[in-house]
Amino acid sequence: MKEQELDLLMKQHSAQLLRIAYYYTKNLHTAEDIVQDVFIKFYHLKQPIDPTITERYLIKMTVNKAKDYLKSWHYQRLVFQEKWLSLKTSQQDALIVRDEEQLISDAVLSLPMKEREIVAYYYLEGLTLKAISELLQINENTLKSRLVKARKLLRVQLQEVEWEVLKDDTL
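Throughout, a residue's number is its position along its own chain's written sequence, starting from 1. Only residues with pLDDT of at least 70 get local features here, since the model is predicted, and only at 80 or more are side-chain atom pairs given and counted; chain-wide, interface and lining totals rely on the full set of residues. In computing side-chain properties, one takes all heavy atoms of the structure into account and sets aside hydrogens as well as water.

Enquirer: So what about the packing of helix H7 (residues 129-136) against helix H8 (residues 140-157)? Which residues, and what values?
Expert: To define axes, lines are fitted to C-alpha atoms, for helices over the stretch in contact only, and angles between the resulting N-to-C directions are given on a 0 to 180 degree scale. Numbering of helices and strands runs from the N terminus, with a helix taken as a DSSP run of H or I at least four residues long and a strand as a DSSP run of E at least two residues long. With their axes 9 Å apart at the nearest point, H7 and H8 run at an angle of 110° to one another. Accordingly, the angle class assigned to the pair H7 and H8 is roughly perpendicular. Contacts between H7 and H8 pair Leu129, Lys130, Ile132 and Ser133 from the former with Glu140, Leu143, Lys144 and Leu147 from the latter. In this scheme, roughly parallel covers angles under 35 degrees and roughly antiparallel covers those over 145, while 65 to 115 is roughly perpendicular and the rest are oblique. Residue contacts are counted whenever heavy atoms from the two residues lie within 4.5 Å of one another.

Take a look at the structure:
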């Protein structure tokens, strides 16, 4: 692969891959590192990838890299530190008023991983259930069940926020 081809791929897919990595890690800097690692690894591939599946391949690489990060010792240590610090600052945080967009973002990020990734792909990335099914290699009906569960969880968290997507349970 030439550097010009890589540059073009980065311009086309960086934003999407960054969002996907962020959905998993909830940290912008970590997401940027993951995307950078994905492009470096893609650049050094020995065998060429079919251009028709390049986007799906990059997405899958990003998802795998993000999941690996979440399993890492470094991440586990950060989670522990954040929980410890949040106990000390929770009274201050309760006084901060958030706007509707921030509430929704927080609610989505607080979903369990399985539900959060479906919501992210379906609503934020605009992928169809079939495309998500192929990407994650999960049955389409399982995805529908997870999406319904995610909506219920979001509805509970966002009772005072009018978010039209939560009103309809049909797919």
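The structure having been displayed, the exposition proceeds.
Enquirer: Quick rundown of the nonpolar core? Include the residues and the values.
Expert: In these notes, a set of buried Ala, Val, Leu, Ile, Met, Phe, Trp, Tyr and Cys residues joined through side-chain atoms within 4.5 Å is what counts as a nonpolar core. When accessible area is computed with a 1.4 Å probe and restricted to protein chains, residues below 20% of their type maximum are described as buried, those above 50% as exposed, and intermediate ones as partly exposed. In terms of nonpolar packing, the biggest core is built from 36 residues, with Tyr24, Phe39, Ile59, Tyr121 and Leu136 touching the most fellow members. Where this core is concerned, the elements lending two or more residues are helix H1 (3-25), helix H2 (28-43), helix H3 (54-71), helix H5 (100-110), helix H6 (113-124), H7 and H8. The greatest single-element share of this core, amounting to 7 residues, is contributed by H3. Beyond its immediate chain neighbours, meaning those up to four positions away, Ile59 contacts Gln16, Leu17, Ile20, Tyr121 and Leu135.

Enquirer: Break down the side chain of Glu117 for me, citing the residues and quoting the values.
Expert: Mapped onto the elements of the fold, Glu117 is located in helix H6. Buried and unpaired, Glu117 has no salt bridge, with Lys67 as the nearest side chain of opposite charge at 4.1 Å. For the purposes of these results, a polar contact is taken to be a pair of N or O atoms within 3.5 Å, where, inside protein, one atom must be able to donate a hydrogen and its partner to accept one; residues adjacent in sequence count only when each atom of the pair is a side-chain atom. Among the polar contacts listed, one links the side chain of Glu117 to the side chain of Tyr24, at a separation of 2.3 Å. Residues scored as positive are Lys and Arg, those scored as negative are Asp and Glu, and His as well as the terminal groups of each chain are ignored. One side-chain nitrogen of Lys or Arg within 4 Å of one carboxyl oxygen of Asp or Glu is enough to make a salt bridge.

Enquirer: Report on the packing of aromatic side chains, specifying residues and quantitative values.
Expert: In this analysis, rings of Phe, Tyr and Trp, with Trp reduced to its six-membered ring, are considered paired at centre separations within 6.5 Å, and the interplanar angle assigns stacked below 30 degrees, edge-to-face beyond 60, and tilted for intermediate values. Inspection of the entire model under this criterion finds 2 aromatic pairs. Their ring planes at 55° and their centres at 6.0 Å tell us that Phe42 and Tyr57 sit as a pair that is tilted. With Phe42 in helix H2 and Tyr57 in helix H3, this pair connects stretches of sequence that are 15 residues apart. Judged by its relative accessible area of 4%, Phe42 is buried.

Enquirer: So what's going on with H2? Residues and values would help.
Expert: Helix length check: H2, at 16 residues, gives a terminal C-alpha distance of 23 Å against a target of 22 Å (1.5 Å per residue), a fit within 8%. Residues of H2 that are buried include every one of Thr30, Ala31, Ile34, Val35, Val38, Phe39 and Phe42, and no others. Residues of H2 that are buried make contact with H1 and H3. For H2, the capping residue at the N-terminal end is Asn27, with a side-chain oxygen 3.0 Å from the backbone nitrogen of His29. Helix span is expected to be 1.5 Å times the residue number reduced by one.

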